[in-house]
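# Summary of the model geometry
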Amino acid sequence: MSSDQYFDDDPTVPSNPLTVDVTLPDTAFTMETDRGVFSHGHLDTATSLLLRAELPLAAAGTLLDLGCGAGPIALTMARRSPAATVWAIDVNARARDLCARNAERNGLDNIVVAHPDEVPADLRFATIWSNPPIRVGKQALHDLLLTWLGRLSPDGHGALVVQKHLGADSLQRWLIDHGFATERVASKSGFRLFTLTLQHHEDQR
Ligand SMILES: C[S@@+](CC[C@H](N)C(=O)[O-])C[C@H]1O[C@@H](n2cnc3c(N)ncnc32)[C@H](O)[C@@H]1O
């Protein structure tokens with residue numbers, strides 16, 4: 001594992017900014033990355049898989065990048081859905097600063113960068129995308145996913161990318177058991193990409 005402690009909420013490791021060019025089939029942008037924030041100096045392979053997949057993405061409304069890091073997911077959502085507002089949340093203060101700067105340098109004014117506690121409680125999300133922080137541990141990850149995926153709007157869509165060896169398959173079963181209709185849509189280079197929707201019970205239709 002990298003010696004950069006990206007899972008610190010307030011990294012003290014000295015800053016060493018590196019810019020990364022992200023090129024996707026439909027868009028491209030440059031983002032600054034830093035030590036103490038996930039994927040310093042590169043675009044993470046799992047994140048790249050998510051961004052290159054053809055996933056449902058609401059064109060308008062409120063979207064969420066859960067655990068934004070330097071912001072590659074939030075920036076892509078904001079570019080693809082200019083009429084939407086993308087909430088980019090992270091507990092890591094350096095990540096939030098980077099993501100806000102990256103939105104600005106790319107002229108994206110439809111991204112709101114926030115600490116998770118700052119998100120209004122009544123906000124619901126039409127799309128939630130995440131490369132989630134698996135390394136926080138199983139219980140913390142489950143709590144995090146229940147909290148945020150539970151805030152999908154009734155017809156909303158989520159997408160998660162997870163390393164197979166970090167328990168992707170058992171996470172899929174867990175999501176299904178907890179009311180999220182979860183499908184594996186890609187499996188590549190040791191990663192699983194899942195899409196999910198809220199399961200509607202017959203009596204709720
Ligand atoms: C695997 S990284 C993904 C970062 C970025 N989305 C990317 O793809 O490069 C997961 C992120 O989740 C953040 N995180 C950890 N715990 C969190 C929590 N409770 N709420 C929100 N974000 C959290 C970490 O700080 C980290 O930036």
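Residues numbered from 1 in each chain as written. Predicted model: local features only at pLDDT ≥ 70, side-chain atom pairs only at ≥ 80, totals over all residues.

## Describing the overall build of the protein
For clarity, the threshold we go by: By the criteria applied, helices consist of DSSP H or I runs no shorter than four residues and strands consist of E runs no shorter than two, each listed in order from the N terminus. Every radius of gyration here is taken over C-alpha atoms, with the globule rule written as 2.2 Å times N^0.38, N being the number of residues. For the purpose of contact definition, each residue receives a C-beta atom placed from its backbone, and two residues are in contact when these atoms lie within 7 Å.
Within the protein one finds five helices and nine strands. Counting from the amino terminus, helix and strand elements in the protein follow one another as β-β-α-β-α-β-α-β-β-α-β-α-β-β. The C-alpha radius of gyration of the protein comes to 16 Å, within 12% of the 17 Å expected for a compact globule of 205 residues. Taken over the C-alpha atoms alone, the protein extends approximately 55 × 35 × 35 Å along its principal axes. Pairs at least 24 residues apart make up 64% of the contacts formed inside the protein by residues separated by at least 6 positions.

## Details of the site of the ligand
This is how it is decided: Placing a C-beta atom from the backbone of each residue, we mark the residue near a molecule or strand if the atom is within 6 Å of it. The classification used treats Ala, Val, Leu, Ile, Met, Phe, Trp, Tyr, Cys and Pro as nonpolar, Asp, Glu, Lys and Arg as charged, and all other residues, Gly among them, as polar.
Within the structure, the ligand sits among 21 residues, and Thr-47, Gly-67, Gly-69, Asn-92 and Pro-133 are positioned closest to it. Among the residues making up the shell around the ligand, the classes are represented as 13 nonpolar, six polar and two charged.

## Quick notes on the environment of Cys-68
Checked against the element boundaries, Cys-68 lands in the loop between β3 (60-66) and α2 (72-80). Each C-alpha atom, one on Cys-68 and one on Ala-88, is 5.4 Å from the other, the two residues being 20 residues apart in sequence. Discounting residues that sit within four places of it in the chain, Cys-68 has contacts with Ile-73, Ala-74, Ala-88, Ile-89, Asp-90, Ala-95 and Cys-99.

## As for helix α4 (residues 138-149)
Think of an α-helix as turning once every 3.6 residues; residues three or four places apart then point the same way. Applicable threshold: Take the residue count of a helix, subtract one, and multiply by 1.5 Å to get its expected span. Backbone-placed C-beta atoms define the burial measure: a residue is buried with 20 or more other C-beta atoms within 10 Å of its own, exposed with 12 or fewer, and partly exposed in between. The arc in question is traced by the directions running from the helix axis to the C-beta atoms.
The end-to-end C-alpha distance of α4 is 16 Å, a good match for the 16 Å that twelve residues give at a rise of 1.5 Å each. Restricting attention to buried positions, one finds in α4 the residues Leu-145, Trp-148 and Leu-149. Each buried residue of α4 sits inside an arc of 85 degrees when the element is viewed along its axis, so together they form one side. More than 90 degrees from the buried face of α4, the exposed residues found are Gln-139, Ala-140, Asp-143 and Thr-147. Residues of α4 that are buried in the fold lie against β3, β6 (125-130), β7 (152-163), β8 (180-188) and β9 (191-198).

## Some words on the environment of Thr-76
The topology assignment puts Thr-76 in helix α2. For Thr-76, a count of 24 C-beta atoms within 10 Å gives the class buried. Taking the C-alpha atoms as reference points, Thr-76 and Ala-28, 48 residues apart in sequence, are found 8.5 Å from one another. If sequence neighbours within four positions are ignored, Thr-76 has contacts with Leu-24, Thr-27 and Leu-51.

## Let's talk about the sheet that holds strand β5 (residues 111-114)
Which entries qualify depends on this criterion: Pairs of strands are assigned from DSSP output, requiring at least two bridges between the strands. The axes used here are C-alpha line fits, helices contributing only the stretch in contact, and every angle between their N-to-C directions lies in the interval 0 to 180 degrees.
Ordered by their spatial adjacency, seven strands build an open sheet running β5-β4-β3-β6-β7-β9-β8, and the pairing between neighbours is mixed. Sheet topology places β5 and β8 at the edges, where each strand pairs with a single neighbour. Put simply, the sheet's adjacent strands are angled 15 degrees from each other on average, direction ignored. Looking at chain direction, β8 and β9 are connected through eight bridges and run antiparallel.

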